[in-house]
Amino acid sequence: MTRALRGTLWPSLVKICTSRSLQSYSPRPHWLLLPSALFTTPSRGYASNVKIRSYLQYVKRKLGSPSKPPYSHVCQVGDPVLRGQAAAVAPEEVGSAEVQQVIRTLVKVMRQMECVGLSAPQIGVPLRILAMEYPERMLVESSEASRRARGLEAFPLRVFINPELRVLDGRTALFQEACESISGFSASVSRYLSVEVSGLNENGEPVSWQASGWAARILQHEMDHLNGVLYIDRMDSKTFININWEEHNE
């Protein structure tokens, strides 16, 4: 039987695959709205289903072809790629140009978004690849008490291909999580305290790693992505919040 260790310091949220600095929502300027002359007005019964793109998006689609995976952005909830079972990568294909491009893009997007973990499905590629990294500079943003409570420790970039997870400590801890694929929201999620992951690294070499604390939480979060599971499937629904809710009241 697992024993939950409820986390303290709840308001001090540490993200997993969401941006490090939470930006407030800023509505699009009115002048970017698509002129009415550029789209056909639908019948009244279907008006609510029409997508009105900005004029900038309209021009981009006219001048260039739509982007293709691996994306340089993070896919959002609703995209089918986030709900499917990711496919394993054949070991002999790890060194291929295609797989290496996915890995490079995954790491690039993770660092651009200032995430600590990201999976291939989140950039539109349904393959069993994940990356994670917790730089020393990020620890400065957390208090000593928060580091102890969450088990926060820095670790270098780690890439796992076809990862397999094994639980080492069946006890659980409950902390607030967020995800860049569900941008702007957060909720409390229970995760195992210690796990072991094994798989291949970016060079196709067998690797394994025992992780505890926050690193173990990141691994479980990213492994869920490879199986089409989001944190909202595991969350305590009463803790689900818009992280900028206070700003909406100002």
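The residue numbers shown here count from 1 along each chain, following its written sequence. Only residues with pLDDT of 70 or above have their local features reported here, since the model is predicted, and side-chain atom pairs are shown and tallied only from 80 upward, although totals for entire chains, interfaces and linings are computed over all residues. Note: side-chain values were computed over all heavy atoms of the structure, leaving out hydrogens and water.

Student: Where do I start with the overall build of the chain in this structure?
Tutor: Check the secondary structure of the chain and you find six helices and seven strands. The secondary structure elements of the chain, listed N-terminal to C-terminal, are β-α-α-β-β-α-α-β-β-β-α-β-α. Only protein chains enter the accessibility calculation, which uses a 1.4 Å probe; a residue whose area is less than 20% of its type maximum is buried, one above 50% is exposed, and one in between is partly exposed. Within the chain, the fraction of its 250 residues that count as buried is 43%. In this description, contact between two residues means that some pair of their heavy atoms is separated by no more than 4.5 Å. Contacts spanning at least 24 positions in sequence make up 71% of the contacts within the chain whose residues lie at least 6 apart. All accessible-area figures derive from a Shrake-Rupley calculation using a 1.4 Å probe, and residue coverage is judged against the displayed protein chains alone. For the chain, the computed accessible surface area is about 14,300 Å², with 52% contributed by carbon and sulfur atoms. Going along the chain from the N terminus, every DSSP run of H or I of four or more residues is numbered as a helix, and every run of E of two or more is numbered as a strand.

Student: Is there a simple way to explain the pattern of salt bridges in this structure?
Tutor: For side chains of opposite charge, pairing can occur when their charged atoms come near one another. The term salt bridge refers to a side-chain nitrogen of Lys or Arg lying within 4 Å of a carboxyl oxygen of Asp or Glu. For the coordinates displayed, the defined rule picks out 11 salt bridges. Between Glu-114 and Arg-137 there is a salt bridge, with the nearest N and O atoms lying 3.9 Å from each other. Of this pair, Glu-114 sits in the loop between helix H2 (97-112) and strand E2 (117-119) while Arg-137 sits in helix H3 (residues 136-139), placing them 23 residues apart in sequence. When its relative accessible area of 47% is taken as the criterion, Arg-137 is described as partly exposed. Measuring nitrogen to oxygen at the nearest pair gives 2.9 Å for the salt bridge that ties Arg-191 to Glu-177.

Student: For this particular structure, what's the right way to read unusual backbone geometry?
Tutor: Outside of glycine, negative phi angles account for most residues, and trans bonds account for most peptide bonds. A cis amide bond, omega 0°, links Pro-69 with the succeeding residue Pro-70. Here Pro-70 is to be found in the loop between helix H1 (55-63) and H2.

Student: What exactly am I supposed to notice about the side chain of Asp-169 here?
Tutor: Its location among the elements puts Asp-169 in strand E4 (residues 155-178). What makes Asp-169 buried here is its relative accessible area of 19%. Within the local environment of Asp-169, its side chain forms a polar contact with the side chain of Arg-171, the two groups lying 2.8 Å apart. Between N or O atoms, a polar contact is any pair within 3.5 Å; within protein, one atom must be a potential hydrogen donor and the other a potential acceptor, and residues adjacent in sequence are included only when both atoms are from side chains.

Student: Sorry if this is basic, but what is going on with the environment of Tyr-192 here?
Tutor: Within the element layout of this structure, Tyr-192 appears in strand E5 (residues 185-200). What makes Tyr-192 partly exposed here is its relative accessible area of 33%. Through-space distance from the C-alpha of Tyr-192 to that of Leu-174 is 9.1 Å; in sequence the pair is 18 residues apart.

Student: Could you clarify how one ought to interpret the packing of aromatic side chains in this entry?
Tutor: To describe a pair of aromatic rings, you give the distance between the ring centres and the angle between the ring planes. A pair of aromatic rings is counted whenever rings of Phe, Tyr or Trp (Trp by its six-membered ring) have centres within 6.5 Å, and the orientation is called stacked for planes under 30 degrees apart, edge-to-face for over 60 and tilted otherwise. Under the counting rule described, the total for this entry stands at five aromatic pairs. Aromatic pair Phe-160 and Trp-209: ring centres 6.5 Å apart, planes at 10°, arrangement stacked. In this pair, Phe-160 is assigned in strand E4 and Trp-209 in strand E6 (residues 206-212), connecting sequence segments 49 residues apart. Of the two residues, Phe-160 and Trp-209, neither departs from the other in class, the shared state being buried. Three or more aromatic residues joined by ring pairs make a cluster, and in this case those are Tyr-134, Phe-155, Phe-160 and Trp-209. Consider the ring centre and the ring normal. A charge sits over the ring if Lys NZ or Arg CZ is within 6 Å of that centre and within 35 degrees of that normal. The ring of Trp-209 has Arg-158 lying over it, and the distance from NZ or CZ to the ring centre is 4.1 Å.

Student: It is not clear to me how the nonpolar core should be interpreted in this structure. Could you clarify?
Tutor: Across soluble globular proteins, nonpolar side chains show a tendency to be buried alongside one another. Within the largest apolar cluster, 24 residues are counted, with the highest numbers of intra-cluster contacts made by Met-132, Tyr-134, Trp-209 and Leu-219. For this core, the elements supplying multiple residues, two or more each, are strand E3 (129-134), H3, E4, E5, E6 and helix H5 (214-226). Those residues in contact with Met-132 that sit more than four places away from it in its chain are Met-110, Val-116, Gly-117, Phe-155, Pro-156, Leu-157, Arg-158, Phe-160, Trp-209, Ala-215, Ile-218 and Leu-219. Counting 20 residues, the second-largest nonpolar core is a separate cluster that includes Val-74, Val-94, Val-109 and Leu-118. Side-chain atoms within 4.5 Å link the members of a nonpolar core, which is a set of buried Ala, Val, Leu, Ile, Met, Phe, Trp, Tyr and Cys residues.

Student: Explain H5 here, please?
Tutor: For an α-helix, 3.6 residues make a turn, and residues three or four places apart therefore share a direction. Here the expected span of a helix is defined as 1.5 Å times the quantity of residues minus one. Between its first and last C-alpha atoms H5 spans 19 Å; for 13 residues at 1.5 Å apiece the expected length is 18 Å, and the two agree. Most of H5 sits out of view: 13 of its 13 residues are buried. Following H5 by one or two positions, Gly-228 adopts a phi angle in the positive range, close to 75°.

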